[in-house]
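Chain residues, written in single-letter form:
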Amino acid sequence: MSETEDIKLVKACLVGDTKAFGRLIDKYEKPLFNAALRIADDYDDARDITQTVFVSAYENLENFNPEYKFFSWIYRMVVNEAINFISRKRPQTKLDPDMASDYRTPEDEHHESKMRENVEQAVAELPLDYRLVIIFRHWADLPYRDIGFVLDIPEKTVKSRLYSARRMLGKIMSRNGLVTYE
Amino acid sequence: MNNAEIIELINKELDGLISDEEFERLNEILEMNPSARRLRAEHRKIAEKLATVEPVEPPSDLKVNILKKIDARKYALARPRSVIDRFLELWTRSRAAYAYSFVAGAAVGAAVLLVCLYGISDHMPLNNNELVGTVITQADSDEFRVVDKAEFSPAEASGLVTVRRNNGAILVRVDVVSSDEIELVFEFDETSVLFAGYERGDGIEIGTLSKEGFISVRHLGRNAYTLVFEDTGEQQTPITMHVYSDSLVFSENLDLR
């Protein structure tokens, strides 16, 4: 589905077509839920954040500026909601490895699963600003420009922060034995 | 060659944004510069590790819950709010709004006084004494044929709604059991049918409301009642029934033909 089709769906929603919004949910619930999950580190919280944001997006569709991508707009809402959520909910809970393995890992993939959990844990150790750029670039596949829009920072800052985040992550992974360098 | 250039090229390569020209330039640098090779290798390993993390499937009921919430919010915005709701809304407003709240409170007070003195014509509790229309006696009941039925059994409530009609009247019989307080809402087009009466059952009823094209019955436990509508003779559109607990739990169109 193209960006133009997203805008058509938004226009349909604005005249009361809830089914059109259902199609936008189908398209974006997974990346948005995953963004919330990576920031909040809790499956149930991520579900609540995603639900809240979709409802809020529906109610604020008239404020959506079609000059931007719908995905970037709603992604920004998820990020803000998730950040507000974790700032309200201190101390922060970490992603439960047992929970994570429950919904995606067969037993014969135990080793790989453990590795993934360790990678997630390493990312979770990053300071929030750096964690976000890693999540956006590597897991949401957002281009620099959209990351800049979501975080309200210049593209140049996105690049430098991403570089620093990778450096920090490398150190954490090295310390945790996830990577070794010759 | 400087550090900024190396970092820029490594980042671009990693993010799939590098041009052929830049790629050649990167390779030149890598051949000459061991620390650049190390840096590139580090970043590639990190990217590989990050790529092992697969996206998590969201809950299967996420979409349904979102749409239910949207539906419920639309309903909540549309339906009349109680005095308590309005009071709570004012109470939670910021300090800056206290002055407005005071003025609004005075206006509400005056309105309540007027309502007490003169009553209101819209959005009143159901009162059969004030309703006019088709008179149905027990003897008429055989003349009614069943035109639609709706069963519902979400966790919060279960029930059966039966629609019967003859040439002039439509009866909507509701038998329902709920563990918590629920609200049944019936929305209808008044050019199609007119609300004519309400026959109370023997259940626990908390409250009823009616206004143009809208009837609400709130209750807890077992309840049974019949809503009576008069056929206007125009083309008939269905009556839409919603069941609300904390949120919308069931919706169905009741066919009248």
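These numbers were taken from a predicted model, which means no experiment stands behind them.

A. Quick look at the overall build of chain A. What chain A contains, in helices and strands, is nine helices and zero strands. Buried positions account for 36% of the 182 residues belonging to chain A. A fraction of 64% describes how many contacts in chain A between residues 6 or more apart in sequence connect residues 24 or more apart.

B. Expanded view of the overall build of chain B. Helix and strand counts for chain B stand at six helices and eight strands. Order of helices (α) and strands (β) in chain B, N terminus to C terminus: α-α-α-α-α-α-β-β-β-β-β-β-β-β. The buried share among the 257 residues of chain B stands at 21%. A separation of at least 24 residues holds for 59% of the contacts in chain B among residues at least 6 apart in sequence.

C. Expanded view of the nonpolar core. In terms of nonpolar packing, the biggest core is built from 54 residues, with Leu-32, Ala-35, Ala-36, Ile-74 and Val-78 of chain A touching the most fellow members. Per element, the largest residue contribution to this core is 11 residues, and it comes from helix H2 (residues 18-40) of chain A. Excluding residues within four positions of it along the chain, Ala-36 of chain A makes contact with Ala-46, Ile-49, Thr-50, Val-78 and Ala-82 of chain A. Core analysis: the next-biggest nonpolar cluster, separate from the first, contains 28 residues, Ile-182, Ala-196, Val-217 and Val-243 of chain B among them.

D. Quick peek at the interface of chain B and chain A. Contact residues are listed per partner, giving 28 residues for chain B and 37 residues for chain A. Going through the elements one at a time, helix H1 (3-14), helix H3 (34-51) and helix H4 (62-78) of chain B are the ones with two or more residues in the side of chain B that touches chain A. Here the element with the most residues in the side of chain B that touches chain A is H3 of chain B; it accounts for nine residues.

E. Structural view of the packing of H2 of chain A against helix H4 (residues 70-88) of chain A. Residue and element names in this part refer to chain A. In the contact formed by H2 and H4, the axes pass within 9 Å of each other and the chain directions differ by 25°. Taken together, the axes of H2 and H4 lie roughly parallel to each other. Note that H2 runs across H4; the crossing there is right-handed. Of the residues in H4, those in contact with Tyr-28, Leu-32, Ala-35, Ala-36, Ile-39 and Ala-40 of H2 are Phe-71, Ile-74, Tyr-75, Val-78, Val-79, Ala-82, Ile-83, Phe-85 and Ile-86. Per-class residue counts for the contact of H2 with H4 are 15 nonpolar, no polar and no charged.

F. Region of the structure containing helix H2 (residues 20-32) of chain B. The end-to-end C-alpha separation of H2 of chain B is 19 Å, in line with the 18 Å expected for 13 residues at 1.5 Å each. Of all the 13 residues making up H2 of chain B, one are buried; the element is thus mostly uncovered.

G. The packing of helix H9 (residues 155-175) of chain A against H3 of chain B, seen in detail. Two numbers describe how H9 of chain A lies on H3 of chain B: the axes approach to 10 Å, and their chain directions differ by 75°. Considered as vectors, H9 of chain A and H3 of chain B are oriented roughly perpendicular to each other. Of the residues in H3 of chain B, those in contact with Arg-166, Leu-169, Gly-170 and Met-173 of chain A of H9 of chain A are Glu-42, His-43, Ile-46 and Lys-49 of chain B. Among the residues forming the contact of H9 of chain A with H3 of chain B, the class breakdown is three nonpolar, two polar and three charged.

H. Spatial organisation of unusual backbone geometry. Residue and element names in this part refer to chain A. With a phi close to 60°, Asp-41 is a non-glycine residue in the positive phi region. By secondary structure assignment, the location of Asp-41 is in the loop between H2 and helix H3 (43-59). The buried category is assigned to Asp-41, around which 20 C-beta atoms lie within 10 Å. One non-glycine residue, Asp-152, lies in the positive phi region at around 60°. Tracing the backbone through its elements, the reader meets Asp-152 in the loop between helix H8 (144-151) and H9. Judged by local crowding, Asp-152 falls into the exposed class, with 9 C-beta atoms found within 10 Å.

I. Inspection of the confidence of the model for chain A at higher detail. In this model, chain A carries an average pLDDT of 82, and 84% of its residues clear a pLDDT of 70 or more. Across chain A, H3 of chain A holds the top mean pLDDT of 93, while helix H5 (residues 97-102) of chain A sits lowest at 43.

The rules we used
Residues numbered from 1 in each chain as written. Chains lettered and ligands numbered in written order. Predicted model: local features only at pLDDT ≥ 70, side-chain atom pairs only at ≥ 80, totals over all residues. Helix = DSSP H or I, 4+ residues; strand = E, 2+ residues; numbered from the N terminus. Buried ≥ 20, exposed ≤ 12 C-beta atoms within 10 Å, placed from the backbone. Contact = placed C-beta atoms within 7 Å. Core = buried A, V, L, I, M, F, W, Y, C linked by C-beta atoms within 7 Å. Axes fitted to C-alpha atoms, helices over the stretch in contact; angles between N-to-C directions. Parallel < 35°, antiparallel > 145°, perpendicular 65-115°, else oblique. Left-handed = near helix turned anticlockwise from the far one by under 90°. Nonpolar A, V, L, I, M, F, W, Y, C, P; charged D, E, K, R; others polar. Expected span 1.5 Å × (residues − 1). pLDDT = per-residue confidence, 0-100.

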